[in-house]
Structures are given as C-alpha cells and as structure tokens.
Amino acid sequence: MQTVNANGAHIPQLGFGTFRMPENDVLSILPKALQAGFTHVDTAQIYENEAAVGEAIQRSGIARENIFLTTKVWVANYARAAFAASVEESLRKLKTDHVDLLLLHWPNDAVPLDVQIAEVNAVRERGLTRHIGISNFNTALMAEAVRLSPAPLATNQVEYHPFLDQTNVYEAAETYGMALTAYFAMADGKVPAAPVLKEIGAAHGKSAAQVALRWLIQQPDVVALTKTVTEARLAENLAIFDFALTPDEMKRIHALARTDGRIVSPDGLAPAWDVAA
C-alpha cells in the first residue's frame, strides 16, 4: 500500500471507512478487508462501532503494528473534563494502547479551539495517539489550529469527490504539510452512475468507482477512504494502483465539480465552508 508522508505521519493512501456501519457489518467485513490488503482503518466515537473495530482487528490475525488506526473525538467530549477520558474509553473499545491518528471530528465553538488543541496535544504527549489532526475544518479554522498546535497536524479529513471542489482546503493543507483525507468519495452513490467516470473507466478497464478513487489518490498528499460491506468490492477498491489517469482525464474529472456538490453539512456542526475559487 502506498503512503502519504504528512508531517511525519505515514498514512496509507487508501483507507477502510466505517461510517454508518453497524457493529455486525464491521465484524463481518473488516477482518476480510484487512486480510485483502487494507492497512488503514477509520472510525470515530460517534460511529458507535469502535468496539467492533477492535474486535475485528483481533479476528483478522493482522498484527496491530501493521495497521494504521484512526479515530475521532466527538464534539461533546472536547471540554477538558471529558476529552482524555473519552480517548481512554476509545482505546479500551479498540483493544489497543494507542491509535495512529486522532482527529477533532467537527468544529465546535462551544469549547474554545485553543482548549481543543491543547487537549489533543496532551493525549498525544501521553502516547495515546502517535499523530493528531482535524476533520471538517475550513481554511480559516485550519490556519488557527496550525497556529495553536505545538505538534504538527497530519491531516484534515473532509468530504471530497469529483462533484465538490476542495481546491482551497487542499492548497491550505499543502501549505501546512498536511494530507487531505477524503470521505464520501463515492458522493453517496452518484459516482458509479456518472457518464464521464464510466467513459474514462472503460478506457482503462476499470469501473467509475475505481476512477474516482484513482483521481483522488493521484493528487499529491490525498488519502481516500472507501467503504463497503460486500466482500467482492474489496478487491475492486484496492485495484487502483495499477493504472494512471492522464492529465486530460484528471482535468475532465475536476470539471465535474458543482456549486451544489456538497452533501455533508449538518446544522450546528458545519463551519462556514470555503467558496470554490
């Protein structure tokens, strides 16, 4: 598996995501995903499946040190009184003494950002996580988080797919030496049906989904999360490192971005999103 080096964090470029995945599905598919070749697993406190992720990793027979494990602290746990305890609980559920990457899941101005950054640095200093980062931050919040953090931030995990222009966030991440980790890569089911992606895929003997994933990881310092509960799709999702898109194909895919392309923007959590240039 190819990796992205982001401020010292070597993040496998293709990750297995578990958003909205019930524990039974995690227990069924994640061991197979790890055995198939996935080495990067992404979960979160709010997904309520960390315990299943921990159990699935043990069932897989893959050594913990060969897995890059990410979880995210939920906004309700940002206060000093709750932050470290919530991370300790996550580690118990995950059956490990540390995660490889710990993210602040969403911006939350109910707790000052300097407190959030101080707390995530404190658990890093205790060895509960190897690397730290953020998720769903706009460029202004990214700049402030970088300024406040003694330790470098490894990534900003955001929605990113062919129908959403994330140039501003991507360029900011590059400036700070961070990776951009893309979730919702399939655009909630829109990718497989997109004619341009299907046409490009046909030229390479690949599916539209494979083209979208390749488009993401072919951009320097971009990590893509995938998700499936179907065993047959595991090999398909992994088979994106044996072909390359041409510059013209990359440009055609970038041109699919729309002003209304954003899918994930929950009230009370979403920041003021950057407007595409």
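Quick note: structure is the one above.
The rules behind these values
- By convention here, each chain's residues receive numbers from 1 onward along its written sequence.
- Residue-level local features of this predicted model are given only where pLDDT is at least 70; pairs of side-chain atoms are given and counted only at 80 or more, and the full residue set underlies all totals for whole chains, interfaces and linings.
- Hydrogen atoms and water are omitted, and side-chain values are computed over all heavy atoms in the structure.
- Secondary structure is summarised from DSSP: a helix means a run of H or I of at least four residues, a strand means a run of E of at least two, and numbering begins at the N terminus for each.
- Only C-alpha atoms enter the radius of gyration, while the globule expectation follows 2.2 Å times N to the 0.38, with N the number of residues.
- Only protein chains enter the accessibility calculation, which uses a 1.4 Å probe; a residue is then buried when its area is under 20% of its type maximum, exposed when over 50%, and partly exposed in between.
- As used in this record, nonpolar core signifies buried Ala, Val, Leu, Ile, Met, Phe, Trp, Tyr and Cys residues forming a set joined through side-chain atoms within 4.5 Å.
- Any two residues having at least one pair of non-hydrogen atoms within 4.5 Å are treated as being in contact.
- Strands were regarded as paired on the criterion that DSSP finds at least two bridges between them.
- Each axis is a line fitted through C-alpha atoms, and for a helix only the stretch in contact is used; angles between axes span 0 to 180 degrees, taken between their N-to-C directions.
- Handedness rule for crossovers: strands pointing away from the viewer, path from the first strand over the helix to the second running clockwise, crossover right-handed.
- Two rings from Phe, Tyr or Trp (for Trp, the six-membered ring) form a pair when their centres sit within 6.5 Å of each other. Planes less than 30 degrees apart are called stacked, planes more than 60 degrees apart edge-to-face, and all others tilted.
- Geometrically, a lysine NZ or arginine CZ counts as sitting over a ring once it is within 6 Å of the ring centre and also within 35 degrees of the ring normal.
- The term polar contact refers here to a pair of N or O atoms within 3.5 Å; inside protein, the definition further demands a hydrogen-donor-capable atom paired with an acceptor-capable atom, and it admits residues adjacent in sequence only when both atoms are side-chain atoms.

## Digging into the overall build of the chain
Along the chain, the regular secondary structure elements total 10 helices and 10 strands. Here the chain has a C-alpha radius of gyration of 18 Å; the compact-globule value for 277 residues is 19 Å, and the two agree. Along the three orthogonal principal directions, the C-alpha set of the chain runs to about 55 × 45 × 30 Å. Of all 277 residues assigned to the chain, the portion counted as buried reaches 54%.

## Topic: the nonpolar core
Leu30, Phe83 and Leu197 are the most contacted members of the largest nonpolar core, which has 81 residues in total. Excluding anything up to four places from it in sequence, Phe83 contacts Val73, Asn77, Tyr78, Leu102, Leu104, Gln116, Glu119, Val120 and Val123.

## Considering the sheet that holds strand β10 (residues 222–226)
In space, the 8 strands of this closed barrel follow the order β3-β4-β5-β6-β7-β8-β9-β10, with parallel pairing throughout. Going across the sheet, the axis of each strand differs from the next one's by a mean of 30°, ignoring polarity. Bridge count between strand β4 (residues 40–42) and strand β5 (residues 68–73): 3 bridges; the pairing is parallel. For His40, the partnering residue across the bridge sits in β5 and is Phe68. Against the sheet, helix α8 (residues 208–217) touches β3 (14–17), β9 (179–183) and β10, its axis set at about 150° to β10.

## With respect to the pairing of strand β7 (residues 129–135)
The buried count for β7 comes to 6 of 7 residues, which makes it a mostly enclosed element. When strand β6 (residues 99–104) meets β7, the two strands line up parallel, connected through 5 bridges. Considered in β7, the bridge of Val99 is made with Thr129. Remark: the β6/helix α4 (residues 113–125)/β7 crossover connection has right-handed handedness. In terms of strand pairing, β7 meets strand β8 (residues 153–159) through 3 bridges, oriented parallel. Directly across from Ser135, in β8, lies its bridge partner Gln157. Of the crossover connections in this fold, the one passing from β7 over helix α5 (residues 139–148) to the parallel β8 is right-handed.

## Digging into the environment of Gly133
Position of Gly133 among the secondary structure elements: in strand β7. Residue Gly133 is classed as buried on the basis of its relative accessible area of 1%. Linking Gly133 and Val120, residues 13 residues apart in sequence, is a C-alpha distance of 8.6 Å. Setting aside chain neighbours within four positions, we find Gly133 in contact with Leu101, Leu102, Leu103, Leu104, Leu153, Ala154 and Thr155.

## Comments concerning the pairing of β5
In terms of burial, β5 is a largely internal element, 6 of the 6 residues being buried. In β5, alternate side chains face the same way, and those of Phe68, Thr70 and Lys72 on one face and Leu69, Thr71 and Val73 on the other are all buried. One crossover worth recording links β4 to the parallel β5 by way of helix α2 (residues 50–60), and it is right-handed. With 4 bridges connecting them, β5 and β6 associate as parallel partners. Paired with Lys72 across the bridge in β6 is Leu103. Crossover handedness for the path β5 to helix α3 (residues 83–94) to β6: right-handed.

## Some points on the packing of aromatic side chains
Under the defined criterion, the tally for this structure stands at 7 aromatic pairs. Aromatic side chains Tyr160 and Trp215 sit 5.2 Å apart centroid to centroid with 55° between the ring planes, which places their arrangement in the tilted category. Of this pair, Tyr160 sits in the loop between β8 and α6 (167–175) while Trp215 sits in helix α8, and the two are 55 residues apart along the sequence. Accessibility expressed as a relative area gives 3% for Tyr160, which makes it buried. Given the relative accessible area of 1%, Trp215 is considered buried. Its end group placed over the ring of Trp273, Arg262 keeps NZ or CZ at 3.9 Å from the ring centre.

## Notes on the side chain of Ser90
Note that Ser90 resides in helix α3. With a relative accessible area of 1%, Ser90 lands in the buried category. Engagement of the side chain of Ser90 in a polar contact is seen with the side chain of Glu50, the distance being 2.9 Å. When neighbours within four sequence positions are excluded, Ser90 is seen to be in contact with Gln45, Glu50 and Thr71.

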